[in-house]
There are 2 protein chains.
Amino acid sequence: MDSALEPPPAPSTRGRRARVFSGDDRERAILATAERLLGERPLSEISVDQLAKGAGISRPTFYFYFTSKEQVLLALFDRVVEEARSNRGDALQRLAEDEEQGWRDAISPFCATFSSHRAITSAAAATQYTSAAVRDLWSQVMEQFVVEVMEAIESERRRGAAPDGIPARDLATVLNSMVERSLFSTFSGQTPAVAEERLLETLVSVFMGAIYGRAQE
Amino acid sequence: MDSALEPPPAPSTRGRRARVFSGDDRERAILATAERLLGERPLSEISVDQLAKGAGISRPTFYFYFTSKEQVLLALFDRVVEEARSNRGDALQRLAEDEEQGWRDAISPFCATFSSHRAITSAAAATQYTSAAVRDLWSQVMEQFVVEVMEAIESERRRGAAPDGIPARDLATVLNSMVERSLFSTFSGQTPAVAEERLLETLVSVFMGAIYGRAQE
DNA sequence: CACAGCATTCGACACAGTGTCGATTAAGTC
DNA sequence: GACTTAATCGACACTGTGTCGAATGCTGTG
């Protein structure tokens with residue numbers, strides 16, 4: 001089972017491609033192969049040839065669909081990012097009801113998305129250092145989370161629930177860095193790392209202390 | 001200015017070069033070249049040939065000194081780690097006098113070391129994903145810091161200065177992840193990142209809140 | 001001083017991976 | 001049936017890695 005697709009998919013009639021495989025099929029096969037292989041080894045140890053073979057095409061044909069293997073990862077990661085965005089909910093809008101539960105509900109879907117696509121997210125985190133395109137997408141995603149957390153902190157301070165302190169943007173940034181790095185450590189089995197089942201509670205605890213806890217009085 | 005060391009006597013271009021440098025000189029020249037080039041671009045964009053040329057030797061000769069370019073980074077990083085260890089001081093032993101100042105003094109040398117060797121530490125952080133040897137050394141270093149922070153937290157809890165809560169080891173781990181990732185973001189100029197001059201205060205503030213701050217009572 | 005042995009050096013090779021070009025095929029269009 | 005276009009791949013040029021074996025000079029011994 002080297003090929004991700006076997007011969008006869010129903011000759012669906014969309015468009016004008018009743019070829020053996022349509023271009024879309026091939027593109028999906030490449031993406032599926034990449035996701036499978038990323039579960040086994042990092043992108044740096046996966047060659048374009050292996051992606052092509054896995055999708056049942058030759059190496060030059062791969063370049064008909066993607067300009068590099070990094071672009072494949074980018075496409076996969078893009079889908080994960082979309083999923084994360086649609087899952088994120090409005091927990092941060094309901095902090096006034098129950099602060100701790102609100103933060104937990106805000107962080108949780110982030111963890112869940114990372115967890116269920118750990119091969120892709122881990123690869124994306126690692127490939128930041130190699131590919132500018134991946135780095136840009138990653139930092140755009142992080143920027144969005146930082147802004148959301150920052151606004152939530154400011155809102156909590158305005159309503160008097162959280163004390164003033166260091167700039168909300170700075171606080172949101174380091175907390176976000178903590179979540180990012182901790183998720184990566186835990187889900188890629190590094191040492192030291194927090195056990196998966198305690199990670200969410202640990203992160204929520206630091207958020208609570210950092211945002212609401214008044215340092216030594 | 002390609003060669004890190006110029007041969008004092010001008011030997012004939014052709015044929016074997018006269019032995020003007022000892023092996024130690026050459027090894028140092030390779031390390032110096034690597035450090036210089038890492039200031040300009042990541043390790044993945046530096047070839048063995050460029051390291052060799054920079055040290056005034058041919059590519060095969062490079063392999064007489066190091067088995068790969070990752071080993072060069074490992075040697076550089078090892079020296080930084082030693083420096084960090086010798087600079088770390090005993091601030092965590094003096095938390096009882098002034099908690100906030102104690103944590104600041106404990107985190108500060110860590111920041112300083114990272115800062116003054118940012119090319120090497122950034123490269124080491126990035127190369128974790130490529131090289132198992134670098135990853136092992138890095139996680140060994142992180143493990144040491146986590147243990148020190150964990151013991152300090154436990155000590156603060158014992159003396160009643162900090163409330164009990166989540167396991168000290170877990171707390172120490174995520175705080176360490178935060179420091180690591182924040183330093184990396186800031187010193188490699190990523191977005192989002194905290195400005196260098198506010199980073200230490202921001203980190204200390206989160207430490208104080210997470211360790212001493214009682215979440216909502 | 002000769003010469004053996006060791007440290008050091010590099011040319012040349014084999015190999016793996018990347019990215020491109022041009023020719024070729026087959027599907028759909030007119 | 002000729003034309004167009006999406007899709008395909010063989011072959012090539014190139015970059016980088018790691019190894020081998022043959023030089024070359026230095027150092028110490030007799």
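Note that this is a predicted model, so its numbers are computed, not measured. Within each chain, residues carry numbers counting from 1 in the order of the written sequence. To label them, take the chains in the order written and letter them from A, then take the ligands in the order written and number them from 1. Selection of residues for local features in this predicted model requires a pLDDT of at least 70, selection of side-chain atom pairs for listing and counting requires 80 or more, and totals for whole chains, interfaces and linings are taken over all residues. Only hydrogens and water are set aside when side-chain values are computed; all heavy atoms of the structure are taken into account.

**Q** Looking at this model, I keep getting lost on the relation of the copies chain A and chain B. Mind explaining?
**A** What relates the two chain copies is a rotation about an axis together with a slide along it. It takes a turn of 180° to lay chain A on chain B, together with a shift of 0.0 Å along the axis; the resulting RMSD is 0.0 Å. In the structure described here, the two chain copies are related by an operation that fits a two-fold rotation axis. When the interface residues of chain A are mapped onto chain B, 100% of them again lie at the interface, so the same face is used by both copies. What sets the superposition is a least-squares fit of C-alpha atoms, and only residues with pLDDT of at least 70 in both copies go into it. Here a residue-residue contact requires only that any non-hydrogen atoms of the pair lie within 4.5 Å.

**Q** I would appreciate a short explanation of the nonpolar core in the present structure.
**A** Nonpolar side chains in soluble globular proteins tend to be buried together. In this description, a nonpolar core means a group of buried Ala, Val, Leu, Ile, Met, Phe, Trp, Tyr and Cys residues linked to one another through side-chain atoms lying within 4.5 Å. When accessible area is computed with a 1.4 Å probe and restricted to protein chains, residues below 20% of their type maximum are described as buried, those above 50% as exposed, and intermediate ones as partly exposed. By size, the foremost hydrophobic cluster in this structure holds 138 residues, and its most contacted members are Trp103 of chain A together with Trp103 of chain B. What tryptophan 103 of chain A contacts, discounting residues up to four positions off in sequence, is Leu92, Leu95, Val149, Ala152, Ile153, Phe207, Met208, Ile211 and Tyr212 of chain A.

**Q** Is there a simple way to think about helix H5 (residues 99–116) of chain B in this case?
**A** Each α-helix winds once per 3.6 residues, and so residues spaced three or four apart point in a common direction. Residue and element names in this part refer to chain B. Secondary structure counts use DSSP, requiring at least four H or I residues in a row for a helix and at least two E residues in a row for a strand, with both numbered from the N terminus. Expected span of a helix, by definition, is 1.5 Å for each gap between consecutive residues, and there is one gap fewer than residues. Taking 1.5 Å of rise per residue, 18 residues should cover 26 Å, and H5 covers 26 Å from first to last C-alpha, within 8% of that figure. Residues Glu99, Gly102, Trp103, Arg104, Ile107, Pro109, Phe110, Cys111, Thr113 and Phe114 constitute the buried set of H5. Packed against the buried residues of H5 are helix H4 (69–87), helix H6 (118–127), helix H7 (132–158), helix H8 (168–187) and helix H9 (196–212). Polar contacts here mean pairs of N or O atoms no more than 3.5 Å apart (in protein, one a potential hydrogen donor and the other a potential acceptor; neighbouring residues in sequence count only if both atoms are side-chain atoms). The distance from a side-chain oxygen at the start of H5 to the backbone nitrogen of glutamate 100 is 3.3 Å, and the residue carrying that oxygen is aspartate 98.

**Q** What is the right way to read the pattern of salt bridges from this model?
**A** Residue and element names in this part refer to chain A. Note on definitions: salt bridges are taken to be side-chain nitrogens of Lys or Arg within 4 Å of carboxyl oxygens of Asp or Glu. Summed over the entire model, instances satisfying the criterion amount to 28 salt bridges over all chains. The partner of arginine 159 in a salt bridge is glutamate 99, with the nearest N and O atoms 3.6 Å apart. One end of the pair, arginine 159, is in the loop between helix H7 (132–158) and helix H8 (168–187); the other, glutamate 99, is in helix H5 (residues 99–116), with 60 residues separating them in the sequence. Of the residues examined, arginine 159 reaches a relative accessible area of 39% and is grouped as partly exposed. Notably, a salt bridge pairs glutamate 201 with arginine 104, separated by 2.7 Å at the nearest N-O pair. Pair noted here: glutamate 201 is in helix H9 (residues 196–212) and arginine 104 is in helix H5, with a separation of 97 residues, a long-range link. The class of glutamate 201 is partly exposed, set by a relative accessible area of 35%. Shared partners join several salt bridges into a network, and the residues in it are Glu99, Glu156 and Arg159.

**Q** Looking at this structure, I do not really get the interface of chain A and chain B. What am I missing?
**A** Where interface size is given, it is often the accessible area lost as the parts come together that is meant. At the interface, 44 residues of chain A touch 44 residues of chain B. Among the residues of chain A in contact with chain B, Tyr129, Arg181 and Pro192 of chain A are the three that bury the most area, contributing 20% of the side total. On inspection of chain A and its partner chain B, the count reaches four salt bridges. A salt bridge links glutamate 180 of chain B to arginine 181 of chain A, with the shortest nitrogen-to-oxygen separation between them at 2.7 Å. Put simply, chain A and chain B have four residue pairs in polar contact (both at pLDDT 80 or more) between them. Put simply, the parts of the chain that give the side of chain A that touches chain B at least two residues each are H5, H7, H8 and H9 of chain A. It is H8 of chain A that contributes the most residues to the side of chain A that touches chain B, 13 residues altogether. Only Asp, Glu, Lys and Arg are considered charged, only Ala, Val, Leu, Ile, Met, Phe, Trp, Tyr, Cys and Pro nonpolar, and every remaining residue, Gly among them, polar. For the side of chain A that touches chain B, the per-class residue count stands at 22 nonpolar, 13 polar and nine charged. When two parts are put together, the accessible area they lose, computed with a 1.4 Å probe and summed over both, is reported as buried area.

**Q** In this structure, what is going on with the packing of H8 of chain A against H8 of chain B? I would like to understand it.
**A** To describe two helices that pack against each other, one gives the angle between their axes and the distance between the axes. For helices, the fitted axis covers only the stretch in contact; all axes are lines through C-alpha atoms, and the angles between them, taken along N-to-C directions, range from 0 to 180 degrees. One can describe the packing of H8 of chain A onto H8 of chain B by two numbers: an axis separation of 7 Å at closest approach and a directional angle of 110°. Considering the angle they form, H8 of chain A stands roughly perpendicular to H8 of chain B. For H8 of chain A against H8 of chain B, the interelement crossing comes out right-handed. Across the interface between the two elements, Val174, Ser177, Met178, Glu180, Arg181, Ser182 and Ser185 of chain A from H8 of chain A touch Val174, Ser177, Met178, Glu180, Arg181, Ser182 and Ser185 of chain B from H8 of chain B. Residue composition of the contact of H8 of chain A with H8 of chain B, grouped by class: four nonpolar, six polar and four charged. Oblique is the label for every angle not falling under 35 degrees (roughly parallel), over 145 degrees (roughly antiparallel), or within 65 to 115 degrees (roughly perpendicular). Handedness of a crossing follows from how the near helix is turned relative to the far one, being left-handed for an anticlockwise turn of less than a right angle and right-handed for a clockwise one.

**Q** Could you clarify how one ought to interpret H4 of chain B in this entry?
**A** Residue and element names in this part refer to chain B. Helix length check: H4, at 19 residues, gives a terminal C-alpha distance of 28 Å against a target of 27 Å (1.5 Å per residue), a fit within 8%. Within the sequence span of H4, burial applies to Lys69, Glu70, Val72, Leu73, Leu74, Leu76, Phe77, Val80, Val81 and Ala84. One or two positions beyond H4, positive phi appears at glycine 89, with a value near 65°.

**Q** Honestly, the packing of H8 of chain A against H9 of chain A in this entry has me stumped. Any pointers?
**A** All names here are of chain A. Remark: H8 packs on H9, axes separated minimally by 11 Å, with the N-to-C direction vectors making an angle of 170°. By the angle between their axes, H8 is roughly antiparallel relative to H9. Contact residues: H8 offers Leu171, Leu175, Met178, Val179, Ser182, Leu183, Thr186 and Phe187, while H9 offers Glu196, Leu199, Leu203, Val206, Phe207, Ala210 and Ile211. Grouping the amino acids of the contact of H8 with H9 by side-chain chemistry returns 12 nonpolar, two polar and one charged.

**Q** Would you take a moment to explain the environment of glutamine 93 of chain B for this structure?
**A** Residues and elements named next belong to chain B. The residue glutamine 93 is located in the loop between H4 and H5 in this model. Relative accessible area serves as the criterion here: at 64%, glutamine 93 is assigned to the exposed category. Spatially, the C-alpha atoms of glutamine 93 and serine 155 are 9.3 Å apart, while their sequence positions differ by 62 residues.

**Q** Can you help me understand the packing of aromatic side chains in this one?
**A** In this description, an aromatic ring pair is defined by two values, namely the gap between the centres and the angle between the planes. To pair, rings of Phe, Tyr and Trp, with the six-membered ring standing in for Trp, must have centres within 6.5 Å; the planes then decide the type, stacked if under 30 degrees apart, edge-to-face if over 60, and tilted in the middle. For the structure on display, the rule yields 17 aromatic pairs over all chains. When the centroid spacing of 5.2 Å and the interplanar angle of 90° are considered together, the rings of phenylalanine 184 of chain A and tyrosine 129 of chain B count as edge-to-face. Separated into two different chains, phenylalanine 184 of chain A in helix H8 and tyrosine 129 of chain B in the loop between H6 and H7 make up a pair that spans both. In this structure, phenylalanine 184 of chain A and tyrosine 129 of chain B share a single accessibility class: buried. For the pair phenylalanine 64 of chain B and tyrosine 65 of chain B, a centre-to-centre distance of 5.1 Å together with 85° between the ring planes defines the contact as edge-to-face. Its relative accessible area of 21% is what places tyrosine 65 of chain B among the partly exposed residues. A network of ring pairs unites the aromatic residues Tyr129 and Phe184 of chain A together with Tyr129 and Phe184 of chain B as a single cluster.

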